[in-house]
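Chain residues, written in single-letter form:
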Amino acid sequence: MKDKIFGILQRVGRSFMLPIAILPVAGLLLGIGGSFTNETMLETYGLLGVMGPGTVLNQILQVMNAAGNIIFTNLPIIFAMGVAIGMAKKEKEVAALSAVIAYFTMNAAVNAMLVNSGQILDDGSIADFVIQGTITSSVGIQTLQMGVFGGIIVGLGVAALHNRFYTIELPSALAFFSGSRFVPIISTVVYVLVGIGMFFVWPVVQN
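What you see is a predicted model, and the numbers here were worked out from it, not measured in a lab. (Residues numbered from 1 in each chain as written. Predicted model: local features only at pLDDT ≥ 70, side-chain atom pairs only at ≥ 80, totals over all residues. Heavy atoms only, no water.)

**Some details on unusual backbone geometry**
Part 1: Within the chain, Glu 91 stands out as a residue other than glycine whose phi angle is a positive 45 degrees.
Part 2: On the secondary structure map, Glu 91 appears in the loop between α6 (75-87) and α7 (92-116).
Part 3: Note on Glu 91: relative accessible area 33%, which makes it partly exposed.
Part 4: Non-glycine residue Val 139 carries a positive phi angle of around 45 degrees. (Helix = DSSP H or I, 4+ residues; strand = E, 2+ residues; numbered from the N terminus. Buried < 20%, exposed > 50% of the residue type's maximum accessible area, 1.4 Å probe, protein only.)

Put into structure tokens, the structure is as follows:
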């Protein structure tokens, strides 16, 4: 039993390595791009003429800054895919697609619950009584601020569903949905429920 648990933890740890591997490159892009487009720093070192706004170097650095920033902004869905790929036994591409679908579905369900509870108003603004920082935008969806943990929850859950159902055989009438095609379907259904559950559970974690 101990060896089995240790083996699972090893697999989980290895699955984190895939999304983590991109962080140093993203950090360099963001750090260099952000630092050398800061006008105060450029003015202090007399570099405005060379790297200031409107120069070719400044435009290149702005692109680097944007490229690094977008990776950090979307870390939750990157972790969802990376963990699902790392934990899936076979047909990892199906696990990756299912993780993306599940991530969208979970956050859409959370968003619907936030709207229904009046925390997000009809015009998309956040109600005054909501504590600042508890609601954020992730992949264009207003949802609870779960950060990378939200992605890890999706990745681990989808991987478990994938490993359980990617070889499933359905009755003849539903044979088209057998095997790996069933994984995105069951992931969607499960993560609608997970999203509803997270609406109640995650605020407790935030508090």
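Having seen the model, we can carry on.
**Here's the deal with the nonpolar core**
In summary, soluble globular proteins display a tendency toward joint burial of nonpolar side chains.
Part 1: Counting residues in hydrophobic clusters, the biggest one holds 30 residues, and the most contacted among them are Leu 114, Leu 144, Met 146, Val 154, Val 158 and Tyr 191.
Part 2: Listed by contribution, the elements that provide at least two residues to this core are α6, α7, α8 (147-165) and α9 (182-206).
Part 3: Sorting elements by how many residues they give to this core places α7 first, with nine residues.
Part 4: Not counting residues within four places of it along the chain, the set of residues in contact with Met 146 comprises Met 106, Asn 107, Val 110, Met 198 and Trp 202.
Part 5: Listed in part, the seven residues of the second largest apolar core include Leu 75, Phe 79, Val 83 and Ala 159. (Core = buried A, V, L, I, M, F, W, Y, C linked by side-chain atoms within 4.5 Å. Contact = heavy atoms within 4.5 Å.)

**Observations regarding helix α5 (residues 56-73)**
Part 1: Over its 18 residues, α5 extends 26 Å from the first C-alpha to the last, a length consistent with the 26 Å expected when each residue adds 1.5 Å.
Part 2: Every buried residue of α5 is listed here: Asn 58, Leu 61, Gly 68 and Ile 71. Angular distribution of buried residues about the axis of α5 spans 145 degrees; they occupy a single face of the element. Those residues of α5 that are exposed and aimed more than 90 degrees away from the buried face are Val 56 and Val 63. (Expected span 1.5 Å × (residues − 1). Arc of directions from axis to C-beta.)

**Focus on the packing of aromatic side chains**
Part 1: One pass over the structure, following the stated rule, counts four aromatic pairs.
Part 2: For the pair Phe 165 and Phe 182, a centre-to-centre distance of 5.5 Å together with 65 degrees between the ring planes defines the contact as edge-to-face. Residue Phe 165 is located in helix α8, and its partner Phe 182 is located in helix α9; the two are separated by 17 residues in the primary sequence. With respect to burial, Phe 165 and Phe 182 carry one shared label: buried.
Part 3: Summarising the aromatic geometry, the rings of Phe 199 and Phe 200 are spaced 5.0 Å apart at their centres and angled 80 degrees between planes, so their arrangement reads as edge-to-face.
Part 4: Accessibility expressed as a relative area gives 11% for Phe 199, which makes it buried.
Part 5: Its guanidinium or amino end placed over the ring of Phe 176, Arg 181 lies 4.5 Å from that ring's centre, counting from NZ or CZ. (Phe/Tyr/Trp six-rings, centres within 6.5 Å; stacked < 30°, edge-to-face > 60°. Lys NZ or Arg CZ within 6 Å of the ring centre and 35° of its normal.)

**A few points about the environment of Thr 105**
Part 1: Tracing the sequence through the fold places Thr 105 in helix α7.
Part 2: For Thr 105, a relative accessible area of 15% puts it in the buried group.
Part 3: Between the C-alpha atoms of Thr 105 and Thr 37, which are 68 residues apart in sequence, the distance is 37 Å.
Part 4: The contacts of Thr 105, once residues within four sequence positions are left out, are Thr 188, Tyr 191 and Val 192.

**Concerning the side chain of Ser 98**
Part 1: Counting through the fold element by element, Ser 98 comes out in helix α7.
Part 2: Apart from the residues lying within four places of it in its own chain, the contact partners of Ser 98 are Val 158, Val 183, Pro 184 and Ser 187.

**Some thoughts on the side chain of Asn 163**
Part 1: Position of Asn 163 among the secondary structure elements: in helix α8.
Part 2: Side-chain polar atoms of Asn 163 contact the backbone oxygen of Met 87, separated by 3.1 Å.
Part 3: Those residues in contact with Asn 163, other than ones at most four positions away along the chain, are Arg 11, Met 87, Ala 88 and Lys 89. (Polar contact = N/O pair within 3.5 Å; in protein donor to acceptor, adjacent residues only side chain to side chain.)

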